[in-house]
Amino acid sequence: MNISRRIGASSLEALPIALGTGNFGWRIPGGRAIEQLDTFVELGGSLLDTADSYSSGRSEQIIGTWMRNRGNRDDVVVATKVGKSDDFPGLSRRSIRSAVDASLERLQTEHIDLLYFHAEDPRVNLEESLAAVAALIDEGKVRALGASNFSPDLLIQARVLASSGLPRFEALALEQSLVRRDVVDASVQMALSGQGISLMPYFVLAHGYIGKYRDLKSAKYAETHLRRALKYQKRSNHQILRDLDAVAMEHGVDISTVALAWSLAQPNVGASTIGVDNLRELEALMYAATIHLTSEQLRKLERASAR
């Protein structure tokens, strides 16, 4: 059974689980990162999510070295982001071109499969940014374009510009989880459906609150991901975890796997991005692509998250 999904209207297809590499070269050293990459592709994954600002470019360097050593560039889909690095901030024509060239060098590749604008840049006209990518596509350096944390209004503006021949957005990265459903609202879904854009959710496990850090009782933990997880410690979310427990028991998997399966079942989702600390977490989550949640299970989870 082919469970790959197409990203927008592009030619890019991948298993609908992307491996997030934001911690590569920071919390996850190179050796462990290579183990994650090897295991991810062994389990059928192909979409790698990185950015030029992750670990000051170290994440891209690790991926590039791994692809060179494995000789598998054509077997993976590389998505990276520009606009937030210290060296080339923003989305001006010059910044985009310089950032892409630097990413290509770190990734040791001739093209980026999916290039994201990492965030909106109100100082630069969107037409200039899209024109910069158009030139990069013509040169074979970029295959498709995505946006991260762009508003529906800006997506509509991009659609108008695309009608004149500029590149269209094929993907939109936004936070979405069972405990954070407000970001992807009706206006976002309308823009996605109307333009055939794939939603690429991230933080689908709410910084580890779903699964890893559900029992934290205080804010004494200093690490960023622990402190972020703590903000979800409220009564309404406890019910979500209980319902996840019940559904997970029915499928014989971890609750994090069910939470990811819920994410994959949401409208317009192309691929959900996961970040893991170890191989056990990765192996458990990769089952989500094959889990079918029943209508009743989806209703149960969504009733709890709507409270």
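This report concerns the structure included in the present document. (Residues numbered from 1 in each chain as written. Predicted model: local features only at pLDDT ≥ 70, side-chain atom pairs only at ≥ 80, totals over all residues. Heavy atoms only, no water.)

Here we look at helix α10 (residues 279–286)
By the burial criterion, the buried members of α10 are Glu-281, Leu-282, Ala-284, Leu-285 and Met-286. Tucked into the core, α10 has its buried residues touching β3 (17–20), α1 (30–42), α9 (255–264) and β10 (272–274). (Buried < 20%, exposed > 50% of the residue type's maximum accessible area, 1.4 Å probe, protein only. Helix = DSSP H or I, 4+ residues; strand = E, 2+ residues; numbered from the N terminus. Contact = heavy atoms within 4.5 Å.)

Here we look at the packing of helix α4 (residues 126–138) against helix α5 (residues 152–162)
The contact between α4 and α5 brings their axes to 10 Å, and the two run at 55°. By the angle between their directions, the pair α4 and α5 is classed as oblique. With respect to the hand of their crossing, α4 and α5 are arranged in right-handed fashion. Contact residues: Leu-126, Glu-127 and Leu-130 in α4; Leu-154, Gln-157, Ala-158 and Leu-161 in α5. Here the contact of α4 with α5 is composed, by residue class, of five nonpolar, one polar and one charged. (Axes fitted to C-alpha atoms, helices over the stretch in contact; angles between N-to-C directions. Parallel < 35°, antiparallel > 145°, perpendicular 65-115°, else oblique. Left-handed = near helix turned anticlockwise from the far one by under 90°. Nonpolar A, V, L, I, M, F, W, Y, C, P; charged D, E, K, R; others polar.)

Considering the nonpolar core
Core analysis: the largest hydrophobic core is formed by 83 residues, its most contacted members being Ile-17, Phe-117, Phe-150, Phe-169, Ile-210 and Leu-244. Here this core gets seven residues from one element, more than from any other, and that element is α9. When sequence neighbours within four positions are dropped, the list of residues in contact with Phe-169 reads Phe-117, Leu-126, Leu-130, Leu-145, Gly-146, Ala-147, Phe-150, Leu-155, Ala-158 and Ile-197. Core analysis: the next-biggest nonpolar cluster, separate from the first, contains 15 residues, Ile-7, Leu-114, Tyr-116 and Ala-173 among them. (Core = buried A, V, L, I, M, F, W, Y, C linked by side-chain atoms within 4.5 Å.)

Looking at the side chain of Arg-73
Looking at the element boundaries, Arg-73 is found in the loop between α2 (58–70) and β5 (77–82). Arg-73 sits in the buried class, given a relative accessible area of 14%. Looking at Arg-73, its side chain comes within polar contact range of the main-chain oxygen of His-111, at 2.9 Å. Setting aside its immediate chain neighbours within four residues, Arg-73 contacts Met-67, Val-78, Thr-109, His-111, Ile-112 and Asp-113. (Polar contact = N/O pair within 3.5 Å; in protein donor to acceptor, adjacent residues only side chain to side chain.)

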